[in-house]
Amino acid sequence: MKRVYFFGNGKADGTAKDKNLLGGKGANLAEMTNFGIPVPPGFTISTKVCTNFMDVGEFPHNLKIEVQNALEEIEKIMGQIFGDPENPLLVSVRSGARQSMPGMMETVLNVGLTSETIPGLIEKSGDERFVYDAYRRLITMYADVVIEKSAGIEPKEGEGIREKLNGIMNKMKSQQGVDNDSELSGESLKELCVLFKAEIVNTLGEEFPDDPDTQLWGGITAVFKSWNGKRAVSYRNIENIPHHWGTAVNIQAMVFGNMGDNCATGVAFTRNPATGENVFFGEWLPNAQGEDVVAGLRTPNPLNNLNEGGDAQNMPSLEDSMPTIYAELDAIQKRLETHYNDMQDIEFTIQNGRLWMLQTRTGKRNGQAAVRMAVEMLEEGTIDEKTALMRVKPEQLDEIMHPMLDEQAEKKSELLAKGLPAGPGGASGQIVFTADEAEVWHKNGKRVILVRNETSPEDVHGMFASEAILTAHGGMTSHAALVARGWGKCCVVGCADIRISVVDKTLSANGTTLMEGDWLTLNGSSGNIYKGKIRLKPVDLESNIYFQKLMQLTDRHRKMGVRTNADSPADAKQAREFGAEGIGLCRTEHMFFDQERILAMREMIVAGNEEDRRKAIMKLLPHQREDFYGILKAMSPHPVTIRLLDPPLHEFLPQEEEQISKLAEELNITTKELKARIENLHELNPMLGHRGCRLGISYPEITEMQARAIFEATAQLKNENQSPFPEVMVPLVVSVEEFTNQKKIINDMAETVKKETGTQFEYLVGTMIELPRACAIADQIAEEAQFFSFGTNDLTQTTYGFSRDDIGGFLPDYLDQKILPADPFQSIDQEGVGSLVKMGVEKGRSVNSKLKIGICGEHGGDPDSIQFFHKTGLDYVSCSPFRVPIARLSAAQAEVS
Ligand code: PEP
Ligand code: MG
């Protein structure tokens, strides 16, 4: 079995295809070498050696010989010898896993410097300062990585050997009155090395080894062991990287960017990773080693004159300082990008006027840049449409569509608490505790964040006036989450760490108490909550031509339709601008909370007999008709699925004493009577009581009124030469009888309205499939229904027996302890809830192969769930307006992948 893979002098044992064996770094070093790009020679010890080492705790006996042979190859190319007193070769020892794990594993540089080789290197380089600078770096890295970490020593925060050694150096700097490491003389660095070695013996009880082979094998062992280091393990857990992959080790001839003024080092991207612009972008430092650029101790200079800006504005570019080398680097970066067909993140070093490439890998980029690069590379003809579609992660579109917190500013802010990320984007505002205050403060020109234990439909006006919403309870499909997402508003829910006192107007979390008017910042994409204000990055979608082009591309490739969940003409219009092809769910209850309407609704609820109920409900008819008119018109000629009243009636009644007496007065009944009715209607979570079609069955007049409103609006639009297409949807059905009962009322009303108006129109009657029983008897229901729409919110809560409004209380424990892999209300549980969806589709289509089937639960906007719905054969997904572009991209990716 081959364990050691050589690269150098234009030839390599491996290629870019060998990532599993050589890790990303090793495979790309091999590829660049094969490609004739100047790469310092070296070799890679494969990931298999690492996994084997982890199993048996030792190296195979031939490895030493193989490493020795490869080292000799390097020596030949470099004309230097490892450990030679006159002409010493130094090497770097670096990790490199299959997938990049930035900063999680270890590196040791300058291996091979000993008391014997130091004089030789000073002689050859003519620079004592450079040699002792390299030596003190080796001592620091080796002590930290090999003697401390790899031995499993876990010092207290701030007391690690690296910190101690840095402390000694800082002390020396302040004694000499200098700011930068580069101002320390060779003599001082030499003295520092002596102090460092003494400190290592003192703290760790071990000598820094003065033998090149001991250093080399110490480094190799430490890198392999760092695969199972704490940081690396938790990073893999978060990123879902398998633990059995192992890391490779790359040993490579050192080249130095810190040997004098014709030396330099830098990192660069073949395109700008923040904007996506097709310009070579990067930073460099003269007379420095790579870690100086990354560590941020010295402010690097811009690479060229195309990208100037920020701190580096007046600093010399590489383009001006070393024009020939810059031209060579520029040519190489172009070749690399063309070869890999994607933006590359590269590292280089210039040693005595000679350029060496140390690394290339696919560069990370933000959402803005991902979209622009995908579109421009497609236009340049370097990638095809499918590749362009796959280049953007659907979640990255959130960054483009919502103002986000400035990352740098966020990093510097102190975390107050964490909740569930219910509405993406960022927002800062002053805290208010009631919806009414939110509205008043907003009217006075203030930016507010509404903080509630949970929200109810009565808070909607205040939610609308707020920049963002924070709740202590509730999950990803709670009221606050649904409403906020519908508006594209930032929202964090289920934040169990906060305590709210509406009476005292305080919010406390983890020992901090904030008052009304204090500033708060939410990151709705991560769930993080911060005290104070954080800068935002604004959005400009309209002039983002790359976004528009990407969206057009998604439409050319996807087969699944994308609709929206919207309850108002404004939301419908917004969603249409985002590309929605219809409404998949219009929740009619959201229309009843307006001041004027809620009273009629409440009259209807407290009515003691059918006649009074009818009288009250007919007051709602003109309002409903107007709503449906607006929505059908905004979507014409696309279909609009209108769901009949769904929530239990108690949700429409007030809960607070003061509001109850006020309402009793308005309704002309006693407070006692009203309280009795409220009590009677009260339901506990998970709200499976008197709701859904059960309401329409108990009170057919509700269904009649809603059907009349829908059809009258439709007839009116027909007469105005529009093309309305309503799909009336019956919620929470568990039996065919329920469905046919409601269908008859709806069909009869359609006939009545057709006669009354003398207008013909088309419509469909279908049902939500949102209870397990409905999935089980979907074949029977399909005999009667013209369409199905899966309500995966209710289907998830009834399959798990979790209440969607209370899950915030225990979800964090479930996720921490890995009892659940993810929030099932956010991403569909494919094996459980998903198998019910599959059953529903198969049974439904077994009777009616053309049955139109969609999904309108919150999962309709989740990329992973969309992949699943695509596989399951759904005709469309429906999601909140601001998720429509994400759904379009996800649907296209499902098709092409
Ligand atoms: C559902 O249950 O998935 C659904 C869309 O309806 P709601 O969230 O209004 O219950
Ligand atoms: Mg439902």
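Residues numbered from 1 in each chain as written. Chains lettered and ligands numbered in written order. Predicted model: local features only at pLDDT ≥ 70, side-chain atom pairs only at ≥ 80, totals over all residues. Heavy atoms only, no water.

Looking at this model, I keep getting lost on the site of ligand 1. Mind explaining?
Inspection of the region around ligand 1 gives 14 residues, with Arg 587, Gly 791, Asn 793, Asp 794 and Arg 804 positioned closest. Residue Arg 587 places a side-chain N or O atom 2.7 Å away from an oxygen atom belonging to ligand 1. The separation between an oxygen atom of ligand 1 and a polar main-chain atom of Asn 793 is 2.7 Å. For ligand 1, whose free accessible area comes to 280 Å², the fraction covered by protein is 96%. By residue number, the principal contributor to the shell around ligand 1 is helix α32 (residues 792-800), which donates 3 residues. Grouping the amino acids of the shell around ligand 1 by side-chain chemistry returns 3 nonpolar, 4 polar and 7 charged. (Near = heavy atom within 4 Å. Polar contact = N/O pair within 3.5 Å; in protein donor to acceptor, adjacent residues only side chain to side chain. Areas by Shrake-Rupley, 256 points an atom, 1.4 Å probe, with all protein chains shown as cover. Helix = DSSP H or I, 4+ residues; strand = E, 2+ residues; numbered from the N terminus. Nonpolar A, V, L, I, M, F, W, Y, C, P; charged D, E, K, R; others polar.)

Please explain the packing of aromatic side chains as it appears in this structure.
Geometrically, a pair of aromatic rings is defined through the distance of the ring centres and the angle of the planes. In the structure shown here, the tally under the stated rule is 20 aromatic pairs. Centre to centre, the rings of Phe 53 and Phe 224 are 6.1 Å apart; their planes meet at 35°, and the pair counts as tilted. Of this pair, Phe 53 sits in helix α2 (residues 47-56) while Phe 224 is found in helix α8 (residues 212-226), placing the two residues 171 residues apart along the sequence. Under the relative-accessibility criterion, Phe 224 is labelled buried at 0%. Taking the centre distance of 6.2 Å and the plane angle of 35° together, the rings of Phe 280 and Tyr 326 count as tilted. Placement of Phe 280 in the loop between β9 (264-269) and β10 (281-286) and of Tyr 326 in helix α12 (residues 323-340) is noted, with a sequence separation of 46 residues between them. Here Phe 280 and Tyr 326 have matching classes, each one buried. (Phe/Tyr/Trp six-rings, centres within 6.5 Å; stacked < 30°, edge-to-face > 60°. Buried < 20%, exposed > 50% of the residue type's maximum accessible area, 1.4 Å probe, protein only.)

I tried to follow the sheet that holds strand β1 (residues 4-8) on my own but got confused; where do I start?
Remark on secondary structure: sheet strands pair via backbone hydrogen bonds, oriented parallel or antiparallel. Strand order in the open sheet made by the 6 strands is β2-β1-β3-β8-β6-β7, with antiparallel pairing throughout. The open sheet has two edge strands, β2 (11-12) and β7 (107-111), and neither has a second partner. The sheet contact formed by strand β6 (residues 91-97) and strand β8 (residues 247-253) spans 7 bridges and is antiparallel. In the strand pairing of β8, Arg 94 is matched with Asn 250. Sheet contacts for helix α1 (residues 19-34): β1, β2, β3 (42-45), β6 and β8; angle to β6, the most-contacted strand, approximately 120°. (Pairing = 2+ DSSP bridges. Contact = heavy atoms within 4.5 Å. Axes fitted to C-alpha atoms, helices over the stretch in contact; angles between N-to-C directions.)

Can you help me understand the coordination of the magnesium ion (ligand 2) in this one?
Put simply, the ideal angle at a metal is 109.5 degrees for four donors in tetrahedral geometry and 90 or 180 degrees for six donors in octahedral geometry. Each protein donor to the magnesium ion (ligand 2) is listed here as Glu 770 (OE) and Asp 794 (OD); together their distances run 2.0 to 2.1 Å. Placement of the pair is Glu 770 in the loop between β31 (764-769) and α30 (772-776) and Asp 794 in helix α32, with a sequence separation of 24 residues. Each member of the pair, Glu 770 as well as Asp 794, is classed as buried. (Donors = N, O, S within 2.8 Å, 3.2 Å for Na, K, Ca; no water.)

How do you make sense of the side chain of Thr 714 when you look at a structure like this?
With respect to the secondary-structure elements, Thr 714 resides in helix α28 (residues 700-719). Excluding its chain neighbours within four sequence positions, the residues that come into contact with Thr 714 are Leu 632, Pro 724, Pro 726 and Phe 761.

Before we go on, may I ask you to explain the environment of Lys 573 in this structure?
Mapped onto the elements of the fold, Lys 573 is located in helix α21 (residues 569-577). Taking the C-alpha atoms as reference, Lys 573 lies 9.9 Å from Gly 630; in sequence the two are 57 residues apart.

Help me understand the sheet that holds strand β22 (residues 506-509), please; the structure alone is not making it clear to me.
Here 3 strands make up an open sheet; going across it, the order is β21-β22-β23 and the pairing antiparallel. A single partner strand is all that each edge strand has here, and the edge strands are β21 (498-501) and β23 (512-515). Going from strand to strand, the sheet's axes swing by 20° on average, the running direction of each strand aside. Here β22 runs beside β23; their pairing, made up of 4 bridges, is antiparallel. Across the sheet, the residue bridging to Ser 508 is Thr 513, located in β23.

Sorry if this is basic, but what is going on with unusual backbone geometry here?
Apart from glycine, the bulk of residues carry a negative phi angle, and the bulk of peptide bonds sit in the trans form. For the bond running from Ser 636 to Pro 637, omega is 10°, close enough to zero to count as cis. Along the chain, the position of Pro 637 falls in the loop between α24 (621-635) and β29 (639-643). A positive phi angle, close to 55°, is found at Asn 341, a residue other than glycine. Among the secondary structure elements, Asn 341 is positioned in the loop between α12 and β12 (344-351). Phi is positive for Asn 510, close to 45°, though the residue is something other than glycine. Judged by its relative accessible area of 56%, Asn 510 is exposed.

Help me out: how do you make sense of the packing of helix α25 (residues 657-667) against helix α26 (residues 671-681) in this one?
Helix-helix packing is characterised by the crossing angle of the two axes and by the distance between the axes. Interaxial distance between α25 and α26 falls to 9 Å at its minimum, and their mutual angle equals 115°. If you check the angle between α25 and α26, you find them roughly perpendicular. Classified by chirality, the crossing of α26 by α25 is right-handed. Where α25 abuts α26, its residues Glu 657, Ile 660, Ser 661, Leu 663, Ala 664 and Leu 667 lie against Thr 671, Leu 674, Lys 675 and Ile 678. (Parallel < 35°, antiparallel > 145°, perpendicular 65-115°, else oblique. Left-handed = near helix turned anticlockwise from the far one by under 90°.)

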